[in-house]
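Tertiary structure, described
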Amino acid sequence: MIIKRIIIQIGEGVELSRRELLGAGGAACVLALTGCQSVSHATKASASAAPLLLNFNENALGVPPSCMRALSQQLPQAFLYPDAPKAEFMAALAQYHGVTAEQLIYGNGSSEVLKMSVDAMVTNAIDNAGAKVTEIQLVMPDPSYGVVADYASARGVKVVAVPLNSELQIDLVAMQAQVDSFNGCSIIYLCNPNNPTSLLMATDPLQAWLAQASVKLQFIVDEAYGEYANPKTFVSAVAAVKAENPYLVVTRTFSKIYGLAGLRVGYGVAHPQMIVAMTRQASIDNANLAGCVAATAALSDNTWLALSLASQARALALVTQTLDALGLKHLDCNANFMFHQVNGDTDLYQQRMKAAGILVGRKFNHTNGWNRLTLGTPEQMEKFCRTLIQFRQQGWV
Ligand SMILES: Cc1ncc(COP(=O)(O)O)c(C=O)c1O
């Protein structure tokens with residue numbers, strides 16, 4: 001039997017044969033990258049004419065096939081508490097980051113790690129700096145990922161949202177001024193790359209500020225999209241954790257590039273002292289077997305990472321070309337979403353896209369006229385581009 005070698009060009013410098021894809025990355029990737037919809041979206045689409053989901057920054061390629069295999073092998077063990085798969089996962093993570101198991105904490109998604117971080121930092125401020133809750137503030141960029149503000153408010157902590165600067169960058173100078181003018185303990189939340197802008201923070205000022213961490217100045221750095229970021233310009237704050245900085249937490253997730261949002265796997269990297277403080281805030285047995293098993297498989301699936309990055313690059317190139325042709329500005333992209341102008345009210349644009357069968361991001365503070373667009377498969381983005389061009393013909397963008 002002749003096996004046809006089909007080369008699929010999915011992005012600059014990444015070429016995989018169909019056999020390689022099926023063997024290592026799986027059918028979902030072949031479908032997604034050759035123009036059919038990903039397995040997850042295709043399934044939803046066949047159930048009902050489901051909208052195109054370009055709103056929540058999930059990995060449009062679906063679940064890595066390596067994870068599906070690992071899950072089907074390990075699910076019969078689900079009657080047991082997940083100690084063994086969790087230990088295996090944490091050991092793999094420790095090796096991946098070059099840290100010890102004592103520098104890691106598991107979360108039911110990184111959202112839970114963010115909550116534990118806020119709770120531990122508030123407790124640190126009260127126990128170790130003698131602060132009252134009214135003397136603790138959370139300082140965060142606006143817009144950014146908002147749940148940390150909810151967690152802080154729930155603890156009675158004042159939230160100060162500092163608008164992005166005129167280039168839509170996180171305004172470190174203004175955030176530092178807010179800290180300097182406050183006579184209490186500050187918890188700083190930074191999202192790098194930032195959601196919704198997809199922009200990276202400048203490394204030197206970030207690292208210089210992180211180096212000043214203390215019980216009165218604690219940092220949470222959210223790197224949910226770090227794996228997508230430009231490796232030439234992105235420096236993970238895990239390096240600062242390794243420098244024995246006890247008042248810093250870096251959060252990461254398997255919900256984005258690893259395609260496991262529904263299994264709820266996130267983690268934090270921090271000094272052992274901070275991990276102990278966070279563990280006191282966590283619920284017992286917050287890990288689940290499926291999440292641990294799938295995440296362990298995903299962590300070593302380099303083919304999946306390469307496919308996801310190649311798909312993202314191709315999708316980005318398609319959208320960039322269209323936005324440029326339409327004269328719509330867009331920001332540098334360091335995630336599986338981009339931020340671009342829509343020449344009008346964002347809510348109206350979002351509603352019109354919805355009517356056209358495409359769900360895009362919502363309106364964010366201070367950025368009306370811009371939209372966050374999740375980068376789906378190249379084929380999905382072709383549909384988006386065709387729709388955007390039709391919107392221009394209608395005079396809507
Ligand atoms: C910046 C950022 N951080 C954290 C999260 C939470 O992700 P999860 O709880 O699924 O790990 C998200 C989800 O969209 C996000 O965009």
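For the structure given in this document, a descriptive report is provided here.

The rules behind the values
Residues numbered from 1 in each chain as written. Predicted model: local features only at pLDDT ≥ 70, side-chain atom pairs only at ≥ 80, totals over all residues. Helix = DSSP H or I, 4+ residues; strand = E, 2+ residues; numbered from the N terminus. Buried ≥ 20, exposed ≤ 12 C-beta atoms within 10 Å, placed from the backbone. Contact = placed C-beta atoms within 7 Å. Pairing = 2+ DSSP bridges. Axes fitted to C-alpha atoms, helices over the stretch in contact; angles between N-to-C directions. Left-handed = near helix turned anticlockwise from the far one by under 90°. Nonpolar A, V, L, I, M, F, W, Y, C, P; charged D, E, K, R; others polar.

**Some words on the overall build of the chain**
Tallying secondary structure elements over the chain gives 15 helices and 13 strands in all. Sorting the 397 residues of the chain into buried and exposed places 48% on the buried side. Look at the contacts in the chain between residues 6 or more apart in sequence, and 73% of them connect residues 24 or more apart.

**Describing the sheet that holds strand β5 (residues 136–142)**
The mixed open sheet is built from seven strands, whose spatial order is β4-β10-β9-β8-β7-β5-β6. The open sheet has two free edges, formed respectively by β4 (104–107) and β6 (158–163), since each of these has just one partner strand. Across this sheet, the average inter-strand angle for adjacent strands is 20°, counted without regard to direction. Relative to β6, β5 runs parallel, the two sharing six bridges. Its bridge partner lying in β6, valine 139 is registered against valine 160.

**Some thoughts on the packing of helix α6 (residues 110–129) against helix α7 (residues 147–154)**
Contact geometry of α6 with α7 gives a least axis separation of 9 Å together with a crossing angle of 40°. For the pair α6 and α7, the crossing hand works out as right-handed. Contacts between α6 and α7 involve Ser111, Leu114, Lys115 and Val118 from the former and Val147, Val148, Tyr151 and Ala152 from the latter. Taken together, the residues of the contact of α6 with α7 break down into six nonpolar, one polar and one charged.

**Quick word on unusual backbone geometry**
As a rule of thumb, non-glycine residues mostly have phi less than zero, and peptide bonds are mostly trans rather than cis. With an omega dihedral of 5°, the bond running from aspartate 142 to proline 143 counts as a cis peptide bond. Mapping proline 143 onto the fold places it in the loop between β5 and α7. A cis amide bond, omega 25°, links asparagine 195 with the succeeding residue proline 196. Relative to the helices and strands, proline 196 resides in the loop between β7 (185–191) and α9 (203–210). Positive phi outside glycine occurs at asparagine 343, with the angle close to 55°. One can find asparagine 343 in the loop between β11 (337–341) and α14 (346–355). Asparagine 343 sits in the partly exposed class, given 15 other C-beta atoms within 10 Å. You will see that histidine 366, though not glycine, has its phi angle at about 60°, which is positive. With respect to the secondary-structure elements, histidine 366 resides in the loop between β12 (358–359) and β13 (370–374). The class of histidine 366 is exposed, set by 11 C-beta atoms lying within 10 Å.

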